[in-house]
Amino acid sequence: MKRTPMELAAMASAAVPGLTPTGVAGSPDDAADFDAALLVDDAGRRWRVRSPKHLEASMRLETELLVLRTFVPAVRAELPFVLPYVAGTVRQGELCTFVYSHLPGATRSIDTLMTSGRAVAAEIGRAMAAVHALPRELVTRADLPSYTANEFRQRRLNELDQAATTGLIPSVLLRRWEHALEDVSLWRFKPTVVHGDLHEDNILLTGERVSAVTGWTDLRVGDPADDFAWLIAANDPRFTETVHGAYLEASTDPEDPHLIRRAALSAEFALAQWLVRGVAAENSTMVDEAVEMLATLEEDVLEQEAADQRAGQYRAAADAVPRTVNVPVDADAPADAPADARAAAKPDSAKVTVAPIEPAGEQADGTEDGPDEGTEAGIEAAYTDGDRLAADEVAGDSVAADDDETRASGSAQGPGLAEVIVLPARGAAVPAGDTDADADTGSENSEAAAAEAEAKPEAAEPDAQTEDGAETAPDAEAAVDTAPTGADGAGTGSDTATTALPLIPVRKQ
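Computed from a predicted structure; not experimentally measured.

What counts, and at which threshold
Residues numbered from 1 in each chain as written. Predicted model: local features only at pLDDT ≥ 70, side-chain atom pairs only at ≥ 80, totals over all residues. Heavy atoms only, no water. Core = buried A, V, L, I, M, F, W, Y, C linked by side-chain atoms within 4.5 Å. Buried < 20%, exposed > 50% of the residue type's maximum accessible area, 1.4 Å probe, protein only. Helix = DSSP H or I, 4+ residues; strand = E, 2+ residues; numbered from the N terminus. Contact = heavy atoms within 4.5 Å. Axes fitted to C-alpha atoms, helices over the stretch in contact; angles between N-to-C directions. Parallel < 35°, antiparallel > 145°, perpendicular 65-115°, else oblique. Left-handed = near helix turned anticlockwise from the far one by under 90°. Polar contact = N/O pair within 3.5 Å; in protein donor to acceptor, adjacent residues only side chain to side chain. Pairing = 2+ DSSP bridges.

S.K.: Is there a simple way to think about the nonpolar core in this case?
M.R.: With 48 residues, the main nonpolar core has Phe71, Phe81, Ile124 and Trp216 as its most contacted residues. In terms of residues, this core owes the most to one element, helix 5 (residues 118–132), which gives eight residues. Residue contacts for Ile124: discarding those within four places in its chain leaves Leu113, Ile203, Val210, Trp230, Phe239 and Val243.

Spelled out as structure tokens, the structure:
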């Protein structure tokens, strides 16, 4: 029989002497087992009333009374949340109604909890770890149920057999649960103190902090995964992972790798337990609800199994396809070398660095010899064409003086300076506005070069050798490049399409 909030207020005034209710409102609770209400008395204090609907529920409340008495002040001080106190009881026939002192905070729906942020989820995880860290002697001294891991698994097998006798459990689910219960490795866990009825209606929050935990009717020593079952039923993996992560950080026990899997099994198996309770109570409403939820679960399981099967087929097909690996072969390896030696490790892609090519002279053996790094030639080679023009203007008379001094030394010291004319590529366009000046400069340079060539007609060839085969150093004047000539051999001067740039003296080391 359902009791209204006004009836519960009257029962509370009888259970607690001096309690004068001035306000009452309904309170969320296990609708199949309890009626609950919140009261406000004339002093502004708040109270909670829980009245059982049947004998089993009444026995659970009496068990909770025993549990709360075992939480002595020293134990309560170790918990990060508040526990309720029983202020009074009143019995009507076989049923006993309990009145509890008010607790801070308020309950929130599961949807609200999932959207309250990571801080709330982490706080719930730490609260669960505190419950599981309670000493097991707290339960055994109160003669409450206590199970080892194997005893707990056997108890679930017995419950599964009982559920199967109803004939209302889909065969797919029976087979699924039986296989999970027969997997002994899944049930190797460390038994801990378990709340046993943990869900959103028994968690009170103040802001982002868990302020109180209620509903201690099913306290026992058993599988800690049972307290995670309500999180799996919420069907929000991120919320569950956050709670579990905070739980692991706060717990001192080693991580249980199968905890979440057993929690999922516990959430599914709760539907079978609900069905058994409905059949035992001959409550058709409970039975119909359980059958409907079991049918939905069966559809979800079949869909997941089909998806897993397709994924397995795809993986098998992918593994069956032969894979060809292209191994680069070292072309320089001997033909009779082993295959491993010929398979030279080469980079996946070659990197090519393109750098501008500077003009370089030829050595006597025909190899190109560019300017040495760190010399004036090397420094000059780093300039652009515009930089060369500027360098020529800056060098001025000092460079010319050095050139005259070196030439005066003659062959005693060998060539010291080489005058180099840096020419643009044939056919390159002449910058606008500089055509006349560059043409005049080109004519002057060509005439100077021709004069020097007539003065020394017997210049040594670049590749001349001595009698002993040693290469001779080219004469300084022979190293002077001249401007391109036309078909008749005469200097083209300003009539040519290419224009010579000013001379840039380069000191050779």
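There is more to say after this.
S.K.: Explain the packing of helix 5 against helix 10 (residues 237–250) to me, please; I cannot follow it from the model alone.
M.R.: The packing of two helices is summarised by the inter-axis angle and the distance between the axes. Across the interface, helix 5 lies against helix 10 with an axial gap of 7 Å and an inter-helix angle of 45°. Classified by the angle their axes make, helix 5 and helix 10 are oblique. Between helix 5 and helix 10 lies a crossing whose hand is right-handed. Together, Arg118, Ala121, Ala122, Ile124, Gly125, Arg126, Met128, Ala129 and His132 of helix 5 and Phe239, Thr242, Val243, Ala246, Tyr247 and Ala250 of helix 10 make up the contact between the two elements.

S.K.: Would you explain the side chain of Ser266 in this entry?
M.R.: Tracing the chain through its elements places Ser266 in helix 11 (residues 259–280). Side chain to side chain, Ser266 and Asp226 meet in a polar contact 3.3 Å long. Beyond its immediate sequence surroundings of up to four residues, Ser266 is in contact with Arg156, Asp226 and Ala229.

S.K.: Explain the packing of helix 8 (residues 171–182) against helix 12 (residues 284–320) here, please?
M.R.: Packing of helix 8 against helix 12 brings their axes to within 9 Å, and their N-to-C directions diverge by 70°. Accordingly, the angle class assigned to the pair helix 8 and helix 12 is roughly perpendicular. Seen from above, helix 8 lies across helix 12 with left-handed handedness. Contacts between helix 8 and helix 12 involve Val172, Leu173, Arg176 and Trp177 on the former and, on the latter, Leu294, Leu297, Glu298, Val301 and Leu302.

S.K.: Where do I start with the pairing of strand 5 (residues 95–101) in this structure?
M.R.: Looking along a regular strand, one sees side chains alternate from face to face of the sheet. The buried fraction of strand 5 is high, at six of seven residues. The pairing of strand 3 (residues 46–52) with strand 5 spans four bridges and is classified as antiparallel. Residue pairing for strand 5: Trp47 is matched across the bridge by Ser101. Bridge count between strand 4 (residues 86–92) and strand 5: six bridges; the pairing is antiparallel. Directly across from Gln92, in strand 5, lies its bridge partner Leu95. Joining the antiparallel neighbours strand 4 and strand 5 is a turn of two residues, in which Gly93 adopts a positive phi near 70°.

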